[in-house]
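Residue-level structure breakdown
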Amino acid sequence: MRILSRLAVGLVAALTSVSIRTAGAAETGFPCAGSFLPLERRHDLPVLLTGLFLPLAVLDAALRDHLGEKPRKPVTVRVVGADGKPVRGARIGVLYQDKDLPRFVVDDEAGTVALPEGPYVVNAVLPGKAIAWGTARFRVGPGATPAVTVKLDRTLPAIAPVAVEAAAPGGAVVSVPLTGFSEGIYGLKADPGSALIREVWPNEIGQGEVALPSEPGAYRIVYMTCAPRVTLAEWPIRVGKPDIALDVPGSVTAGDSFEVTVRGRSGLAARSPELLGRKADDGARVYDRGEAVVGGGETARRYRLTAPPLAGRYRVVVSVEANEKDVLAERELSVAARTYVVGLPDAISLGERIKPELAGPSGISIELWALDKSGRPTRMVAEAIKGNTERFPAPEGRYEARLVTFSDGIVLARKTVTVTGRAFGDVAGEVARGGTLPVTFAMKALFFDKVGFLPAGVPLPRFGTDALHDVRNRTEFEVPAPAKPGRYDLVYVYGRPGTADAVIERVPVTVK
């Protein structure tokens, strides 16, 4: 379930991180709204599964197209020339105008389209020697007119002819120093009628940097209006075999850092390698991305990677983009097993600050799990991350300490530890009702720690209670006593954001 939760979060991020080019730029004000995302229902998991498992419900919400599932109404888009007469052959691009995330939803010929309720912008472009275009705003919904007219009353700036490399190796980045209309988008195609292999938005100065595919062959770099996609210029290019090689050690130990050298011309040495799983075992998972080592030249560069925590066969790959499917070079890597040890002493004092000895990869932590009467771990009560100095606030007793990868919860090692010590100093056994009980702490209170009174034997509510008082960074405190006489427990609570708080110590106190 931990994996599904991370997958769902990643998919939400992927579906909401659309490339946006702001409408109303200085040159023409040509409205754009990122990649083309037509209206459709993207996914539908069974209701029973999404009801039983929260991560699956999150995944389903991420994959579904909620805008596309809304009822649609027909809208007729008419295109006229500057003289007001109808024109033929124009293409339209319809942009849904969400205030936070505009979306490009229709790329078609002028005519009738079906759209959910909401605000829209429609661009119309008429291909030709001089590219005429126009734009209009409209709304779909009650009382709105089911038709919109776009007047082609503007002309795109001319694009100055530029020379582009006629041939380059696979994976190379080709620069297109375009001048003129700079509010379009670049793309790569295998032939004029094929779908885009990839799209690239212009850089900060309005020029294109297009990465070529790994597969040799004849391709075309195209430059288009952003919405609709109308080709304004194109350049044929022959892609050759990638000129790249990888130097990878034959074997490394789990959790160790190691270096990889990427060799290649045409900028390929600057491609950062990735460490992936085997193709047969979740091969698309990225375990690490190479960090460039200082030094190196244009044709050879070194990168540092960290081996996964578990033994096995892995792959080091260099891809055209952060996408394993278009691989330029690949080498296998054997990862040998490591003997992991939970770097905690057998006994831990409650107030002791400990920096765990955690050998191996950086993405690991120590978890402290409470044990039931039979000795089985039941719930996590504390955690420490590699490199951090931590306390392990937990009631006195025996616990299971686990060495885990905090990304997916793989347990690498276990041991039993004992927590000793008290949270409070000496506490008086009685206090007058409505008065205060002075207390001292055996350790400086942590940021979310609290103290207060609870009726004797009553468990702490799952997310705390208003009867508790913040004591962050304190070593002493005067605790207000209840107004009603009786038997109470003075409790010290370790506050943990996002999870249930934990009672570290209970001291019986009589309120008179």
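Computed from a predicted model, the values in this text were never measured in an experiment. (Residues numbered from 1 in each chain as written. Predicted model: local features only at pLDDT ≥ 70, side-chain atom pairs only at ≥ 80, totals over all residues. Heavy atoms only, no water.)

1. So, the side chain of Asn123
If you trace the backbone, Asn123 turns up in strand 5 (residues 118–126). One polar contact links the side chain of Asn123 to the main-chain carbonyl oxygen of Pro31, over a distance of 3.0 Å. A distance of 2.9 Å separates the side chain of Asn123 from the side chain of Thr135, its partner in a polar contact. (Helix = DSSP H or I, 4+ residues; strand = E, 2+ residues; numbered from the N terminus. Polar contact = N/O pair within 3.5 Å; in protein donor to acceptor, adjacent residues only side chain to side chain.)

2. Details of the nonpolar core
One recurring pattern in soluble globular proteins: nonpolar side chains tend to sit buried together. Of all hydrophobic cores here, the largest spans 43 residues; its most connected members are Leu344, Leu368 and Phe392. Excluding anything up to four places from it in sequence, Leu368 contacts Arg379, Met380, Val381, Ala382, Phe392, Ala394, Tyr399, Glu400, Ala401, Val417 and Val419. Counting 38 residues, the second largest nonpolar core, distinct from the first, contains Phe30, Leu156, Ile221 and Ile237. (Core = buried A, V, L, I, M, F, W, Y, C linked by side-chain atoms within 4.5 Å. Buried < 20%, exposed > 50% of the residue type's maximum accessible area, 1.4 Å probe, protein only. Contact = heavy atoms within 4.5 Å.)

3. Focus on the state of the cysteines
Two cysteines whose sulfur atoms are joined by a covalent bond form what is called a disulfide. Counted according to the given criterion, the structure contains 1 disulfide. Here Cys32 is linked by a disulfide to Cys226, with a sulfur-sulfur distance of 1.9 Å. Looking along the S-S bond of the Cys32-Cys226 disulfide, the torsion reads about -85°, which is the left-handed sense. With Cys32 in the loop between helix 1 (2–16) and helix 2 (47–52) and Cys226 in the loop between strand 14 (217–224) and strand 15 (231–240), this pair connects stretches of sequence that are 194 residues apart. For the pair formed by Cys32 and Cys226, the shared burial category is buried. (Disulfide = S-S within 2.5 Å.)

4. Section: the packing of aromatic side chains
Overall, the coordinates contain 13 aromatic pairs when judged by the stated rule. Summarising the aromatic geometry, the rings of Phe424 and Tyr492 are spaced 5.8 Å apart at their centres and angled 80° between planes, so their arrangement reads as edge-to-face. One end of the pair, Phe424, is in the loop between strand 29 (411–420) and strand 30 (430–431); the other, Tyr492, is in strand 35 (residues 486–494), with 68 residues separating them in the sequence. For Phe424, a relative accessible area of 2% puts it in the buried group. For the ring pair Phe453 and Tyr488, a centre distance of 6.3 Å and an interplane angle of 80° mean the geometry is edge-to-face. In this pair, Phe453 is assigned in strand 32 (residues 450–455) and Tyr488 in strand 35, connecting sequence segments 35 residues apart. Among the aromatic side chains, those forming a connected cluster through ring pairs are Phe30, Trp133, Phe181, Tyr186 and Tyr223. The side chain of Arg402 reaches across the aromatic face of Trp369, ending 4.0 Å from its centre. In this arrangement the basic side chain of Arg472 is found over the ring face of Phe447, its NZ or CZ atom lying 4.3 Å from the centre. (Phe/Tyr/Trp six-rings, centres within 6.5 Å; stacked < 30°, edge-to-face > 60°. Lys NZ or Arg CZ within 6 Å of the ring centre and 35° of its normal.)

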